[in-house]
Amino acid sequence: MATLKGGEFLIKEIPANEIFSVEELNEEQKMLRDSAKEFIDREVVPQRERFEKKDYAFTEETMRKLGDMGMLGIAVPEEYGGLGMGFVTTMLACDYLSGTTGSLATAYGAHTGIGTLPIVLYGTEEQKKKYLPDLATGTKFGAYCLTEPDAGSDANSGKTRAKLSEDGKHYIINGQKMWISNAGFADTFTLFAKIDDDKTSQVSSSTDLSWRILKA
């Protein structure tokens, strides 16, 4: 499938076999979609105000329930504790889980997307085995540390640096991060930093590892 740029999909002719429609959903996908909708209608809609009034403990409680249902590991391969169901199924769940309240949408997206996928896509085998089973089940939650006081979406403007320790076992982080979704209850943080000044990298860590942040 060719890569499209920006809004090119609005004017470009697309082959029929590259277009997805709900009629193509299999039974497994329909069941997951219906489970997501039923959960939202029962657990979230009646409590919408609690989310919007920043009841973070309730948000965490709801996320743990989603983990018990398997909703946090839809795109995580089965060998790491997830469902291994791919992008379309993930989209079906997000359609309902993220469409009712912005607070839950942020927590869910930060965990399943930027909090988990960097490890799925770029983590070493050791990292995948260590972190993904807990992230997929909601035993632990993930966050992605990108934004800084002077840099946000333009990631390469970030000033945070990662320097390998002399013994080669740890990265020493120098910098400052802010506005990190899920940071209040997350256990695993994927930190965006630069190595050797011009090489951008992602350093995965957790509260049970030896790592430190030194404010610049």
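Quick notes on the rules
Residues numbered from 1 in each chain as written. Predicted model: local features only at pLDDT ≥ 70, side-chain atom pairs only at ≥ 80, totals over all residues. Heavy atoms only, no water. Pairing = 2+ DSSP bridges. Helix = DSSP H or I, 4+ residues; strand = E, 2+ residues; numbered from the N terminus. 1 Å grid on protein atoms, 1.4 Å probe; cavity = no way out; pocket = protein on both sides within 12 Å on 5 of 7 lines; lining within 4 Å. Points joined across faces, edges and corners; volume = space filled by probe spheres on them. Nonpolar A, V, L, I, M, F, W, Y, C, P; charged D, E, K, R; others polar. Buried < 20%, exposed > 50% of the residue type's maximum accessible area, 1.4 Å probe, protein only. Phe/Tyr/Trp six-rings, centres within 6.5 Å; stacked < 30°, edge-to-face > 60°. Lys NZ or Arg CZ within 6 Å of the ring centre and 35° of its normal. Expected span 1.5 Å × (residues − 1). Core = buried A, V, L, I, M, F, W, Y, C linked by side-chain atoms within 4.5 Å. Contact = heavy atoms within 4.5 Å. Salt bridge = Lys/Arg side-chain N within 4 Å of Asp/Glu carboxyl O.

Enquirer: What should I look at first to understand the pairing of strand β2 (residues 161–164) in this one?
Expert: Each regular strand shows side chains that alternate between the opposite faces of the sheet. Bridge count between β2 and strand β3 (residues 171–174): 4 bridges; the pairing is antiparallel. Directly across from Lys163, in β3, lies its bridge partner Ile172. What sits between β2 and β3 in their antiparallel hairpin is a turn of 6 residues, with Gly168 showing a positive phi close to 75°.

Enquirer: Mind showing me how you'd approach the layout of surface pockets here?
Expert: Remark: the empty space left among the atoms is shown by a probe the size of a water molecule rolled over them. Volume-wise, the second largest pocket comes out at about 200 Å³. As for the second largest pocket, its lining consists of Phe51, Lys54, Tyr56, Thr59, Ser103, Thr106, Ala107, Ser181, Asn182, Ala183, Gly184 and Phe185. Mapped by element, the contributors of at least two residues to the lining of the second largest pocket are α3 (56–69) and α5 (102–114). When the residues that make up the lining of the second largest pocket are grouped by side-chain class, the tally is 5 nonpolar, 6 polar and 1 charged.

Enquirer: Please clarify how the pairing of strand β1 (residues 142–145) should be interpreted in this entry.
Expert: On β1, burial covers both faces: Gly142 and Tyr144 on one face and Ala143 and Cys145 on the other are all buried. In this sheet, strand β4 (residues 188–195) lies alongside β1 in parallel orientation, the contact comprising 4 bridges. By the bridge assignment for β4, Ala143 is matched with Phe189.

Enquirer: Is there a simple way to think about the packing of aromatic side chains in this case?
Expert: What describes a pair of aromatic rings is the distance from one ring centre to the other and the angle between the planes of the rings. Inspection of every chain in the model, using the stated rule, returns 3 aromatic pairs. For the pair Phe141 and Phe185, a centre-to-centre distance of 5.3 Å together with 90° between the ring planes defines the contact as edge-to-face. Of this pair, Phe141 sits in the loop between α7 (125–137) and β1 while Phe185 sits in the loop between β3 and β4; the two residues are 44 residues apart in sequence, bridging distant segments of the chain. Classification of Phe141 by relative accessible area gives buried; the value is 0%. Residue classification places Phe185 among the buried positions, given a relative accessible area of 13%. The ring of Tyr131 is capped by Lys130, whose NZ or CZ atom sits 5.9 Å from the centre of that ring.

Enquirer: Looking at this model, I keep getting lost on α7. Mind explaining?
Expert: Three- or four-residue spacings in an α-helix give side chains the same orientation, since the helix completes a turn every 3.6 residues. Along its 13 residues, α7 runs 18 Å from first to last C-alpha, staying within 8% of the 18 Å computed at 1.5 Å per residue. Positive backbone phi, at 80°, marks Gly138, one or two positions downstream of α7.

Enquirer: What is the right way to read the nonpolar core from this model?
Expert: Where a protein is soluble and globular, its nonpolar side chains tend to be buried together. Formed by 20 residues in total, the largest nonpolar core has its most connected members in Met63, Leu66, Met71, Leu97 and Tyr108. Counting residues per element, the ones that place at least two in this core are α1 (27–44), α3, α4 (86–97) and α5. The element contributing the most residues to this core is α1, with 5 residues. Setting aside chain neighbours within four positions, we find Leu66 in contact with Phe39, Met71, Leu72, Leu97, Leu104 and Tyr108.

Enquirer: I keep staring at the pattern of salt bridges and nothing clicks. Help me out?
Expert: If charged atoms from side chains of opposite charge come close, those side chains can pair. With the rule as written, the count across this model stands at 10 salt bridges. Taking the shortest distance from any N to any O, the salt bridge between Lys37 and Asp41 comes out at 3.0 Å. Linking Lys37 with Asp41, this pair stays in helix α1, spanning 4 residues, or about one helical turn. A salt bridge links Arg42 to Glu38; its shortest N-O distance comes to 2.4 Å. Of this pair, Arg42 and Glu38 both sit in helix α1, 4 residues apart, roughly one helical turn. Take Arg42: its relative accessible area is 42%, and that puts it in the partly exposed class. Overlapping salt bridges bring together Glu38, Arg42, Glu43, Glu61 and Lys65 as one network.

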